[in-house]
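Each chain is listed here by its residues.
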Amino acid sequence: MAASDYSYVRNAMQDARLLSEHGFDQWPDIDSLTRYACDLEDAVHALAESMGARLRKDTFNHWMVTFEGEETSNG
């Protein structure tokens, strides 16, 4: 077996492990990926709220983290 064959197999095994670690049996379709992204965003917001933080985008569409009682002048 050529070295490139081993590289292909190793990469395929790494991809399979990565997908499995994130709850996928195979490469997800766009609907599954969209649901996953929405669930992930919900989890990030829940985590931020548990620490007294709020995630939002400013007027320049950049993500910001603010804490309770903290005012921002950028959006």
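Given the structure is predicted, the values throughout are model-derived calculations rather than measurements.

1. Observations concerning the environment of Ala2
Thinking step 1. The topology assignment puts Ala2 in the segment before helix 1 (3–21).
Thinking step 2. Remark: the alpha-carbon pair of Ala2 and His45, spanning 43 residues in sequence, is separated by 48 Å.

2. Focus on helix 2 (residues 30–50)
Thinking step 1. Here helix 2 spans 30 Å end to end across 21 residues, near enough to the 30 Å set by a 1.5 Å rise per residue.
Thinking step 2. Residue Gly52 follows helix 2 closely and has a positive phi angle near 75 degrees.

3. What to know about a nonpolar patch on the surface
Thinking step 1. A contiguous nonpolar patch, built from Ile30, Leu33, Tyr36, Leu40 and Val44 and spanning about 450 Å² of accessible area, is present on the exposed surface.
Thinking step 2. Tracing the backbone through its elements, the reader meets Ile30 in helix 2.

4. With respect to the confidence of the model for the protein
Thinking step 1. Averaged over all residues, the pLDDT of the protein is 89; the fraction at 70 or higher stands at 91%.
Thinking step 2. Averaged pLDDT values for the elements of the protein fall to 90 in helix 1 and rise to 95 in helix 2.

5. Details of the pairing of strand 2 (residues 63–67)
Thinking step 1. Residues Met64 and Thr66 point to one face of strand 2 and are all buried, whereas Trp63, Val65 and Phe67, pointing to the other face, are not buried.
Thinking step 2. In this structure, strand 1 (residues 53–57) lies alongside strand 2, joined through five bridges in antiparallel fashion. The residue bridging Arg54 from the neighbouring strand is Thr66, located in strand 2.
Thinking step 3. Counting the residues in the hairpin turn of strand 1 and strand 2 gives five residues, including Asn61, whose phi is positive at 65 degrees.

Basis of the calculations
- Residues numbered from 1 in each chain as written.
- Predicted model: local features only at pLDDT ≥ 70, side-chain atom pairs only at ≥ 80, totals over all residues.
- Heavy atoms only, no water.
- Helix = DSSP H or I, 4+ residues; strand = E, 2+ residues; numbered from the N terminus.
- Expected span 1.5 Å × (residues − 1).
- Patch = residues over 30% accessible without salt bridge, like charges linked within 9 Å, V, L, I, M, F, W, Y side chains within 5 Å.
- Areas by Shrake-Rupley, 256 points an atom, 1.4 Å probe, with all protein chains shown as cover.
- Salt bridge = Lys/Arg side-chain N within 4 Å of Asp/Glu carboxyl O.
- pLDDT = per-residue confidence, 0-100.
- Buried < 20%, exposed > 50% of the residue type's maximum accessible area, 1.4 Å probe, protein only.
- Pairing = 2+ DSSP bridges.

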